[in-house]
Amino acid sequence: MASPLQFAYRTQKAIGVTDADPIYAPLPGFVQPEGNLRCCVYSPCGRYLAWASSERVCVVDASVGHVLTNISIPNVFEVAFSPRGSFLSTWERPAKDEAGDATKNFKIWRTIEDTPEGAEKQPLGRFVQKSQTGWNLQYTSDEKFCARLVTNEVQFYDSNDLSTVWNKLRAEGVTDFAIAPGQSNNVAVFIPERKGQPAAVKVYNVPQFTQPISQKTFFKGDKVQLKWNSLGTNLIVLAQTDVDKSNKSYYGETTLYLLSANGSLDARVTLDKDGPIHDVSWSPNGKEFGVIYGYMPAKTTIFNHRAVATHSFPIAPRNTIIFSPTGRFALVAGFGNLAGQIDVYDLEKDYRKICTIESGNPSVCQWSPDSRYIMTATTSPRLRVDNGVKLWHVGGGIMYHEDMVELYNVTWRPVLPENLSRLDPLHPVPTPHSSAIVYLGTVKTPSKPVGAYRPPGARGMSTPLHFRREDEGGAAHVMSNGSQGGGLNGFGRSRRQIPGAEFLEAGSRTVPGATPNEVPGANGDENLSKAALKNKKKRNNKKAKDVENKDGLNNVGGLAPPARDQGLGSGNEGRSPERRGNQQNQRRHDRSRSRHNFQGGNQGRNRSNTQQNGQNGHYQQGAPLAPQIQTSQPPGPDSLISPGSQNPASKKLRSLQKKIRAIEDLEMRHAGGEKLEDTQMKKIATKAAVVKELEALEKEAR
């Protein structure tokens, strides 16, 4: 029977090891250490588990939890294993000795070593390593050689003899390197831009360092990520700049390149969506890789080993892609500032989507070694609340949940492929642990989105079609490009061809001057409350009664046209008596000007487009005017001071009339209780003189 799955975690106070499916219980033989714990890590082969405290480093058997060796070394912050678990590396915080020289804080040990009774374990090698980034040695898959980066070169060592350098790869300005997995023994180095020269990635075969077997030069590469496939035959180069000179991204520009180890391919991977590259990952089969790229919502595409796109997933807010260890499944997720959704796809079943997992806000996401489970965890210090571990089945159901206080790290125990179960990961679905059932009972059902804000007067009503989005049944947005032809405007509503005219709905045209039909809801009554409808009805009845009384007085002894400044068709509904009085004065003034213009026959310059339209036969005041006939009569004396004339007398007349209107406006404001300034009061006092001057000018004209 295959060994059960296992994961280890480190919290604020302890380190624990838990056997997963089907046991879901702590490892019986493991004694949890307590105190100031710095790190814990499994060996890549899965045999060992090492953890470090402020006093020592301990290595235990991951299967049973028994202690195998203890190394008395203080202040260790990082621990790592070689690929087969034969060597253990430790990194301490840099310090200086009594002479002021840097201490050798990077040490390599044999994991299991026979030492005499009472003798202390001695390291194989010691180095000075100031940076915690990239601190460890890189080993070949067979652990025969290892290498470390120093200034302008990569130094290679025999793994069993770290006292002398076995070989050197000299590269001026090298800042990063990566040894290929598999049996190829290839190494890739990165040299950034320098003195106007482009950046370069070069691939060498160990130990032939005289000539690269493959290389790629490019600009816009301040730093890179070098990612080999599992076979060591192809290399992905994700280049990034610190500053985006086009000012499109705060995080710099990203570019993707693909190189083959034999030199047959070195090309830039073409991406069909603008924006940054969020993630790139190789499949364990080494024959395809996935890329998430573009501005959000991002696009996810699968490429083959020749950089040819084979499939694209739906566009969605995602920034992480991880292939399962068997290569059958791929999860595409959105973490960080995204919602934490995880989409799982079956790559062997036509890229079919299996499920979507609502994982919350995890900072850790890992496949189990058998590709059957997905682990998500929220860790500190990114988030100090809701820390814990969740295990999800690949079909989407939650299997296990455990809350923890200040969880810092959690990881699966690696399992060699020959020890994995051969069962179908999807079937049968395992039985969830009781903690998963309790967790489901505490999860709140997501509430329905409330949508956009609506003012109180518009609540309880349906959204008009021209304000709805297209995916909610609204009209499609059509760009007219300035054309005057019929059709939809930007909100799917037809426009009238007269610029500035109000929108006219279908079937709402009426005869000018006629009383509009009493259609329910035509005046927006359906939006009014009962009290508002009652008050409106009272006002309309009162206005109609006043119109009848006035018509009865005016029509005594003869026929007279109805008053046009009251009633439903006058346009004065809701106006105050003062504003209606001003409108009557304006109409009398307009009639006076029209009479002067007609008698004089001078069509001069009009002061408004409305008056000009009226003279051209358009509708004015609800009724069409007959077109005026131009005559060749000589101008009369009245035309010399008509408002349309350009002589000095006419200009003076217009100036005086303007002063009279301004003074009357100030008088009305003063009568309404408004406090006027001294200059305005003085202007009102000049009314008598202005009226007298206006009368004298009119007498002169006669």
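See above for the structure.
A few points on the structure. The shown structure was predicted, so the numbers you read here are calculated from the model rather than taken from an experiment.

**Let's talk about helix α5 (residues 648-671)**
With 24 residues, α5 extends 35 Å between its outermost C-alpha atoms, agreeing within 8% with the 34 Å of an ideal straight helix rising 1.5 Å per residue. Along α5, the residues classified as buried are Ser-650, Leu-653, Arg-654, Leu-656, Gln-657, Ile-660, Ile-663 and Leu-666. A positive backbone phi angle near 100 degrees is found at Gly-673, which sits one or two residues after α5.

**Remarks on the packing of α5 against helix α6 (residues 678-685)**
Close contact between α5 and α6 brings their axes to 9 Å; oriented N to C, the two are set at 120 degrees. Judged by the inter-axis angle, α5 sits oblique to α6. At the point where α5 passes α6, the crossing takes the left-handed sense. From α5, Ala-662, Ile-663, Leu-666, Glu-667, Arg-669 and His-670 reach across to α6, where they touch Gln-680, Met-681, Lys-683 and Ile-684.

**Quick word on the pattern of salt bridges**
If you walk through the whole model with that rule in mind, you get 17 salt bridges. Residues Asp-21 and Arg-372 are paired through a salt bridge, measuring 3.9 Å at the closest nitrogen-oxygen approach. Of the two residues, Asp-21 sits in the loop between β2 (15-19) and β3 (25-26) while Arg-372 sits in the loop between β32 (364-367) and β33 (373-378), which places them 351 residues apart along the sequence. With a closest N to O distance of 3.7 Å, Glu-153 and Arg-170 form a salt bridge. Taken together, the residues Glu-153 in strand β14 (residues 153-158) and Arg-170 in strand β15 (residues 167-170) connect sequence positions 17 residues apart. Each of Glu-153, Lys-168, Arg-170, Glu-172 and Arg-194 takes part in a single network of salt bridges with overlapping partners.

**Examining the sheet that holds strand β35 (residues 398-403)**
Remark on secondary structure: sheet strands pair via backbone hydrogen bonds, oriented parallel or antiparallel. Spatially, four strands are ordered β32-β33-β34-β35 in an open sheet, and the strand pairing comes out antiparallel. Looking at the sheet topology across the chains shown, the edges are occupied by β32 and β35. Neighbour-to-neighbour, the strand axes of this sheet turn through a mean angle of 15 degrees, independent of strand direction. As paired strands, β33 and strand β34 (residues 388-393) are joined by six bridges and run antiparallel to one another. Within β34, the residue paired with Thr-378 across the bridge is Gly-388. Its contacts with the sheet put helix α1 (residues 434-442) on β34 and β35, and the angle it makes with β35 is roughly 80 degrees.

**Comments concerning the state of the cysteines**
Working definition: the covalent bond between the sulfur atoms of two cysteines is a disulfide. Under the criterion given, the structure shown has zero disulfides. This cysteine, Cys-40, is not joined by any disulfide, and Cys-39 carries the nearest cysteine sulfur, 7.3 Å off. Looking at Cys-40, the relative accessible area reads 6%, which means it is buried.

**Looking at the sheet that holds strand β20 (residues 223-228)**
Spatial strand order, β20-β21-β22-β23: four strands in an open sheet with antiparallel pairing. The open sheet has two edge strands with one neighbour each: β20 and β23 (266-268). For this sheet the average axis-to-axis angle between neighbouring strands, irrespective of direction, equals 20 degrees. One ladder, built from seven bridges, connects strand β21 (residues 234-240) with strand β22 (residues 254-260); its direction is antiparallel. The residue of β22 that forms the bridge with Ile-236 is Leu-258.

Reading guide: rules and limits
Residues numbered from 1 in each chain as written. Predicted model: local features only at pLDDT ≥ 70, side-chain atom pairs only at ≥ 80, totals over all residues. Heavy atoms only, no water. Helix = DSSP H or I, 4+ residues; strand = E, 2+ residues; numbered from the N terminus. Expected span 1.5 Å × (residues − 1). Buried < 20%, exposed > 50% of the residue type's maximum accessible area, 1.4 Å probe, protein only. Axes fitted to C-alpha atoms, helices over the stretch in contact; angles between N-to-C directions. Parallel < 35°, antiparallel > 145°, perpendicular 65-115°, else oblique. Left-handed = near helix turned anticlockwise from the far one by under 90°. Contact = heavy atoms within 4.5 Å. Salt bridge = Lys/Arg side-chain N within 4 Å of Asp/Glu carboxyl O. Pairing = 2+ DSSP bridges. Disulfide = S-S within 2.5 Å.

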